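Letter by letter, the chains look like this.
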Amino acid sequence: MKKSLHIVAAFLGISLSGISQELTDILPYSSVFDISSIETNLPTYTIADLDINQLAAEDADRGKNGQFLSNGRVIPVNINLNNSGVWSTLPNGDRLWRVRLATENARGLAPYFDNFYLPEGSFLHVYNDDKTMVLGAFTSINNQESKMFATWPVTGNAIILEYYEPASVYGSGIINLNEVSYIYRFEDQIEDREENVPGLRNGSQSCEVDVACSESNGWSDQIRGVSRIFVRVGSFTGWCTGSLVNNTFNDCRPYYLTALHCGYDNGLATTSNFNQWVFRFNYQKSGCGTGSKPAGNQITGCTWRAHSNDGGGNSGSDFLLVEFNNSTINSAFNVYFNGWDRVNSTSNSGVGIHHPSGDVKKISTYSANLVNSTWGGPAGTHWRVSWVATANGHGVTEGGSSGSPIFRGSNKLIMGTLTGGSSFCTSPTAPDYYGKFSYHWESNPGASTNNAYKLRPWLDPAGTNPNTLNGKNNVSCSVGINEIPVSNLFSVYPNPSNGIVNLTIAEQNFTALQLRLYNAVGQLINTYSIAPGIKNYSVDLSELPMGAYHLSVSNGKEISSKTVIISR
């Protein structure tokens, strides 16, 4: 694998130390080299148009009435590496496969793959005709056990799939695109727009407040736990919001809390649907009302663990707990597992953090007591909130904010998740309704006999039944709380290696060291102990599959990490 992986890295000018779940710094081959000679051979797969006006009318009221905000419909296609597109052999023997999908009136397109496997060294990009939006590179790190995959939408009425395959893995890639979401509205929420373009805004209402504004002072951790979701339920796709949540083992197990109605439409989303949910963290502006386009970090695929068994708030508190299919979240994403408060008592101040209309992350503020309320079911299932004007606007909620957390100001813990409401910039003090975390705990229909209808067994695996639990930084699960990242504890050679990796330990080694081995997605594979005074240490990784691995060495106070490539 040395040949394929490092040749590609060399011509694209990237560093392998940045390996993560999405390698956004690897450019498409066609952006680096002149492919004009094969550009004219690019075939187009035509997608049938839908009636945009009819779809918009059908979905007009979804976002605020307890249904997730729909922006598209899923339609079938049949595209794979064997029956569509064009293959081109490159001068060094590697290959490039490209195909274009187009329709007349779509505002965007989002691909869904039901059979997806990228071999080591290969890359997939998805982009629009003028490359104003490029997703990827996606690599072997994005392979899922389910063999399914999805990306968030790309703006425009056409997308191009570009797959680069090294000669060393000839014919081993699998890309089967069986469905596409036809995006018919809210195209300006797919990607942030430049601030200085007249007539364009970000998609959400003008009174919303960016999380980079002063209203967010003291809430930086909580903000890192909240993300946008591109949900899929049956033939509907759309936006919701949710948050990572901590559990009493404090082990960074990737539990994520949102609203049941985000995964429900005349029935719960299927396993396949959940495998294609796309979570986008850090999708927020760098400045208050300004800043560059945010890239964000993508995580694809989840499994549902528990829900409120109430049809989305009709007879309960409207919660959905999912767990990411990847057991570990890359530390580079800098996410936070928010803590929670299950005490059924009001709060006189706090915030809601959300992605209104699927836009960049916003913050809304309340400064009066939350009121016991309901959402069409029994009393006491929801908190009613009214938002207040602040220095930089008057935060409200919109379709797409559904499932987002509301926080108690006194302890900065989640105390509810958004079902819906009637606040708009034109009626900013109209109430919104959040399903109570205290009700989520174990009060929903069927919760007394079924663990699938309550949060308690999932978020309290230790069995301590606390009223509150503080949040946790993701990085502290792979790096000790008191360990300071440094670069000079050790070096490795050769790299790439055929499996025998040699470490040279720095001169300051006066104590025992712990060596940890992780795979490319951050899962711990093994640990080793290096005795004090050892200067040279070897690890035999020859039984592991070829690919990228991460080694970290810790002396209890400092930690160094290196990426190694195993090739044969």
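Before reading on, note that the structure itself is shown above.
Rules of the game
Residues numbered from 1 in each chain as written. Predicted model: local features only at pLDDT ≥ 70, side-chain atom pairs only at ≥ 80, totals over all residues. Heavy atoms only, no water. Helix = DSSP H or I, 4+ residues; strand = E, 2+ residues; numbered from the N terminus. Buried < 20%, exposed > 50% of the residue type's maximum accessible area, 1.4 Å probe, protein only. Contact = heavy atoms within 4.5 Å. Areas by Shrake-Rupley, 256 points an atom, 1.4 Å probe, with all protein chains shown as cover. Salt bridge = Lys/Arg side-chain N within 4 Å of Asp/Glu carboxyl O. Pairing = 2+ DSSP bridges. Axes fitted to C-alpha atoms, helices over the stretch in contact; angles between N-to-C directions. Polar contact = N/O pair within 3.5 Å; in protein donor to acceptor, adjacent residues only side chain to side chain. Arc of directions from axis to C-beta. Phe/Tyr/Trp six-rings, centres within 6.5 Å; stacked < 30°, edge-to-face > 60°. Disulfide = S-S within 2.5 Å. Core = buried A, V, L, I, M, F, W, Y, C linked by side-chain atoms within 4.5 Å. Patch = residues over 30% accessible without salt bridge, like charges linked within 9 Å, V, L, I, M, F, W, Y side chains within 5 Å.

Thoughts on the overall build of the protein
Okay, step 1: When its secondary structure is counted, the protein shows eight helices and 37 strands.
Okay, step 2: Relative to its 568 residues, the protein shows a buried fraction of 58%.
Okay, step 3: Here the contacts in the protein between residues at least 6 apart in sequence split such that 72% fall between residues at least 24 apart.
Okay, step 4: In the form shown here, the protein has an accessible surface area of approximately 20900 Å², with 48% of it arising from carbon and sulfur atoms.

Thoughts on unusual backbone geometry
Trans is the common state for peptide bonds, and a negative phi is the common state for residues other than glycine.
Okay, step 1: In this structure, Ala137 follows Gly136 across a cis peptide bond, with omega equal to 5 degrees.
Okay, step 2: Residue position: Ala137 is located in strand E7 (residues 134-138).
Okay, step 3: Look at Asn250: it is not a glycine, yet its phi comes out positive at around 50 degrees.
Okay, step 4: Along the chain, Asn250 turns up in the loop between strand E13 (236-245) and strand E14 (255-258).
Okay, step 5: In this structure, Asn309 takes a positive phi of about 55 degrees despite not being glycine.

Points about the pattern of salt bridges
Okay, step 1: Enumeration over the complete set of coordinates arrives at twelve salt bridges.
Okay, step 2: A salt bridge links Arg232 to Glu179; the shortest N-O distance between them is 2.9 Å. Of this pair, Arg232 sits in strand E12 (residues 226-233) while Glu179 is found in strand E11 (residues 174-183), placing the two residues 53 residues apart along the sequence. The burial state of Arg232 is the same as that of Glu179; both residues are buried.
Okay, step 3: When salt bridges that share partners are traced, they join Glu58, Asp59 and Arg73 into one network.

Details of the sheet that holds strand E31 (residues 490-493)
Okay, step 1: Strand order in the open sheet formed by three strands is E31-E32-E35, and the pairing between neighbours is antiparallel. Each of the sheet's edge strands pairs with one partner strand only, and the pair in question is E31 and strand E35 (536-540). With direction set aside, neighbouring strand axes in the sheet form an average angle of 25 degrees.
Okay, step 2: Where E31 and strand E32 (residues 500-505) come together, four bridges link them in antiparallel fashion. If you follow Phe490 over to E32, its bridge partner there is Ile505.

A look at the side chain of Lys362
Okay, step 1: Of note, Lys362 is situated in strand E22 (residues 362-366).
Okay, step 2: A distance of 2.6 Å separates the side chain of Lys362 from the side chain of Asp210, its partner in a polar contact.

A look at helix H4 (residues 52-59)
Okay, step 1: Among all positions in H4, only Ile52, Leu55 and Asp59 are buried. For H4, the angular spread of the buried residues around the axis is 65 degrees, confining them to a single face. Among the exposed residues of H4, those pointing more than 90 degrees away from its buried face are Asn53 and Ala57.
Okay, step 2: Where H4 begins, the capping side chain belongs to Asp51, and its oxygen is found 3.2 Å from the backbone nitrogen of Asn53.

A closer look at the packing of aromatic side chains
Okay, step 1: On inspection of all chains with the given rule, the structure shows 24 aromatic pairs.
Okay, step 2: Between Tyr29 and Phe33, the aromatic rings sit 4.7 Å apart at their centres with planes inclined by 35 degrees, giving tilted as the arrangement.
Okay, step 3: Judged by relative accessible area, Phe33 falls into the partly exposed class, the value being 34%.
Okay, step 4: For the ring pair Phe123 and Tyr164, a centre distance of 6.3 Å and an interplane angle of 25 degrees mean the geometry is stacked. Taken as a pair, Phe123 in strand E6 (residues 123-127) and Tyr164 in strand E10 (residues 158-165) lie far apart in primary sequence, 41 residues in all.
Okay, step 5: With relative accessibility at 6%, the residue Phe123 sits in the buried group.
Okay, step 6: Residue classification places Tyr164 among the buried positions, given a relative accessible area of 4%.
Okay, step 7: Put simply, the rings of Tyr256, Phe274, Trp277, Phe279, Phe281 and Phe324 pair up and form one aromatic cluster.

Some details on the environment of Pro457
Okay, step 1: In this fold, Pro457 is placed in helix H8 (residues 456-459).
Okay, step 2: Each C-alpha atom of the pair Pro457 and Ala306 lies 9.5 Å from the other, and the pair is 151 residues apart in sequence.

Brief notes about the environment of Trp87
Okay, step 1: Looking at where Trp87 falls in the secondary structure, it is placed in strand E3 (residues 86-89).
Okay, step 2: For the pair Trp87 and Tyr164, spaced 77 residues apart in sequence, the C-alpha separation works out to 9.8 Å.
Okay, step 3: From its side chain, Trp87 meets the backbone oxygen of Leu81 in a polar contact 2.9 Å long.

Focus on the pairing of strand E33 (residues 513-518)
Okay, step 1: Of all the six residues making up E33, five are buried; the element is thus mostly covered by neighbouring parts of the structure.
Okay, step 2: Judged from the five bridges that link them, E33 and strand E36 (residues 547-554) form a sheet pairing that is antiparallel. Each bridged residue has a counterpart across the sheet, and for Arg516 the counterpart in E36 is Ser552.

Some points on the state of the cysteines
Okay, step 1: All chains considered together, the criterion is met by three disulfides.
Okay, step 2: Here Cys240 engages in a disulfide with Cys262; their sulfurs sit 2.1 Å apart. For the disulfide bridge between Cys240 and Cys262, the dihedral angle about the S-S bond is near -90 degrees, and by the sign convention the bridge is left-handed. Taken together, the residues span a long stretch of sequence, with Cys240 in strand E13 and Cys262 in the loop between E14 and helix H6 (271-275) at a distance of 22 residues. Side by side, Cys240 and Cys262 carry an identical accessibility label, which is buried.

Comments concerning the nonpolar core
Okay, step 1: By size, the foremost hydrophobic cluster in this structure holds 40 residues, and its most contacted members are Leu101, Phe113, Leu124, Leu161 and Leu177.
Okay, step 2: Apart from residues no more than four positions distant in its own chain, Leu161 is found in contact with Trp97, Arg98, Val99, Leu101, Phe113, Leu124, His125, Val126 and Leu177.
Okay, step 3: Counting residues in each nonpolar core, the second largest holds 26 residues, with Cys240, Cys262, Val322 and Phe333 among its members.

Section: a nonpolar patch on the surface
Okay, step 1: A surface patch of nonpolar side chains, about 220 Å² in accessible area, is lined by Leu27, Val32 and Phe33.
Okay, step 2: By the secondary structure assignment, Leu27 is in the loop between helix H1 (2-12) and helix H2 (29-32).

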